[in-house]
Amino acid sequence: QNMTLARWGDIYLSTYAKEKKSVEDDARHIQHLCRILGGNLLLSQITRAHTEQFKQTRKTELHRDKPISETTIDRSLEVLRHMLRIAEEEGVIVAVPKVKMYKPNNARERALNGEEYARLLAAASPHLRHIIVCAYETGMRRGEIQSLTWNKVDVKAGLIRLESADTKTGE
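Reading guide: rules and limits
- Residues numbered from 1 in each chain as written.
- Predicted model: local features only at pLDDT ≥ 70, side-chain atom pairs only at ≥ 80, totals over all residues.
- Heavy atoms only, no water.
- Helix = DSSP H or I, 4+ residues; strand = E, 2+ residues; numbered from the N terminus.
- Rg over C-alpha atoms; globule rule 2.2 N^0.38 Å.
- Buried < 20%, exposed > 50% of the residue type's maximum accessible area, 1.4 Å probe, protein only.
- Contact = heavy atoms within 4.5 Å.
- Areas by Shrake-Rupley, 256 points an atom, 1.4 Å probe, with all protein chains shown as cover.
- Lys, Arg positive; Asp, Glu negative; His and termini not counted.
- Charge placed at Lys NZ, Arg CZ, Asp CG, Glu CD.
- Axes fitted to C-alpha atoms, helices over the stretch in contact; angles between N-to-C directions.
- Parallel < 35°, antiparallel > 145°, perpendicular 65-115°, else oblique.
- Nonpolar A, V, L, I, M, F, W, Y, C, P; charged D, E, K, R; others polar.
- Patch = residues over 30% accessible without salt bridge, like charges linked within 9 Å, V, L, I, M, F, W, Y side chains within 5 Å.
- Salt bridge = Lys/Arg side-chain N within 4 Å of Asp/Glu carboxyl O.
- Core = buried A, V, L, I, M, F, W, Y, C linked by side-chain atoms within 4.5 Å.

Asks: Please explain the overall build of the protein chain as it appears in this structure.
Replies: Along the backbone of the protein chain there are seven helices and four strands. Listing the helices and strands of the protein chain from first to last along the sequence gives α-α-α-β-β-α-α-α-α-β-β. The globule rule puts the C-alpha radius of gyration for 171 residues at 16 Å, and the 21 Å found for the protein chain is more than 25% above it. Structurally, the protein chain occupies a C-alpha span of about 60 × 35 × 25 Å along its principal axes. A buried classification covers 33% of the 171 residues belonging to the protein chain. In the protein chain, the share of contacts with a sequence separation of at least 24, taken over all contacts with a separation of at least 6, comes to 51%. If you sum the accessible surface of the protein chain, you get close to 11,900 Å²; carbon and sulfur atoms cover 50% of it. Where the 28 positive side-chain charges of the protein chain centre and where its 23 negative ones centre are 2 Å apart.

Structure (structure tokens):
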């Protein structure tokens, strides 16, 4: 009954999120939640109005002179929602309040066309060219490429094999 947002955030990070790839991001989101909502706010007192207050406050803030995106705000709210669901499962709170998310359009506008790709390759430093080719030809994310090891590359077959643990989506 007396569990605060800050205390539950610490428990969540050390117990429930410690194996997540995003644990450092989760910690940053929890810091923003505590800063805006108040770390001493009791979990049992969190309402939808609090989540709306969080959204409105974050929308007014800047990061590197740019407004905070709805996607970033949603990530914080996803962490809060996950924390509250676990708190309910553990009997820390009776019910999880509704956490309404934004639904931003995150679709990529376009990919490089052939001419742009050729110009990028020509302008790139020699040590980056293989990375650019890999990204363009496979659609792999930066982190997936950076974590490649030779045991994942089959040069003879012309394949790169990623385990589900190596990918952002786990697929």
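Asks: Is there a simple way to explain the packing of helix 1 (residues 5-16) against helix 2 (residues 23-37) in this structure?
Replies: Relative placement of two packed helices is described by the angle separating their axes and the distance separating the axes. Their axes nearest at 10 Å, the elements helix 1 and helix 2 cross at an angle of 175 degrees. The orientation of helix 1 with respect to helix 2, classified from their angle, is roughly antiparallel. Along its contact with helix 1, which presents Leu-5, Ala-6, Gly-9, Tyr-12 and Leu-13, the element helix 2 presents Val-23, Asp-26, Ala-27, Ile-30, Leu-33, Cys-34 and Leu-37. Residue composition of the contact of helix 1 with helix 2, grouped by class: 10 nonpolar, one polar and one charged.

Asks: Explain a nonpolar patch on the surface to me, please; I cannot follow it from the model alone.
Replies: Together, Leu-112, Leu-120 and Tyr-136 make up an exposed nonpolar region whose accessible area comes to about 240 Å². Owing to a relative accessible area of 34%, Tyr-136 belongs among the partly exposed residues under this scheme.

Asks: How should unusual backbone geometry be read in this particular structure?
Replies: Peptide bonds are mostly trans, and most non-glycine residues show a negative phi. Phi at Arg-64 is positive, roughly 55 degrees, even though this residue is not glycine. In this structure, Arg-64 sits in the loop between strand 1 (62-63) and strand 2 (66-67). Given the relative accessible area of 71%, Arg-64 is considered exposed. Positive phi values are uncommon outside glycine, yet Asp-65 reaches one of about 65 degrees. Considering the arrangement of structural elements, one finds Asp-65 in the loop between strand 1 and strand 2. Take Asp-65: its relative accessible area is 74%, and that puts it in the exposed class.

Asks: Hey, could you run me through the nonpolar core in this one?
Replies: One recurring pattern in soluble globular proteins: nonpolar side chains tend to sit buried together. If you look at the biggest cluster of nonpolar residues, it comprises 30 residues, and the most contacted ones within it are Leu-5, Trp-8, Tyr-12 and Leu-43. Elements with a minimum of two residues in this core: helix 1, helix 2 and helix 4 (70-89). The element that contributes the greatest number of residues to this core is helix 4, accounting for eight residues. Beyond its immediate chain neighbours, meaning those up to four positions away, Tyr-12 contacts Ala-17, Lys-20, Asp-26, Ile-30, Val-79, His-82, Met-83 and Ile-86.

Asks: Looking at this model, I keep getting lost on the packing of helix 2 against helix 4. Mind explaining?
Replies: One way to put it is that helix 2 packs onto helix 4 with a least axis distance of 9 Å and a crossing angle of 90 degrees. Here helix 2 is positioned roughly perpendicular relative to helix 4, judged by the angle of their axes. Every residue of helix 4 that contacts helix 2 at Asp-26, His-29, Ile-30 and Leu-33 is listed here: Thr-72, Arg-75, Ser-76, Val-79, Leu-80 and Met-83. Among the residues making up the contact of helix 2 with helix 4, the classes are represented as five nonpolar, three polar and two charged.

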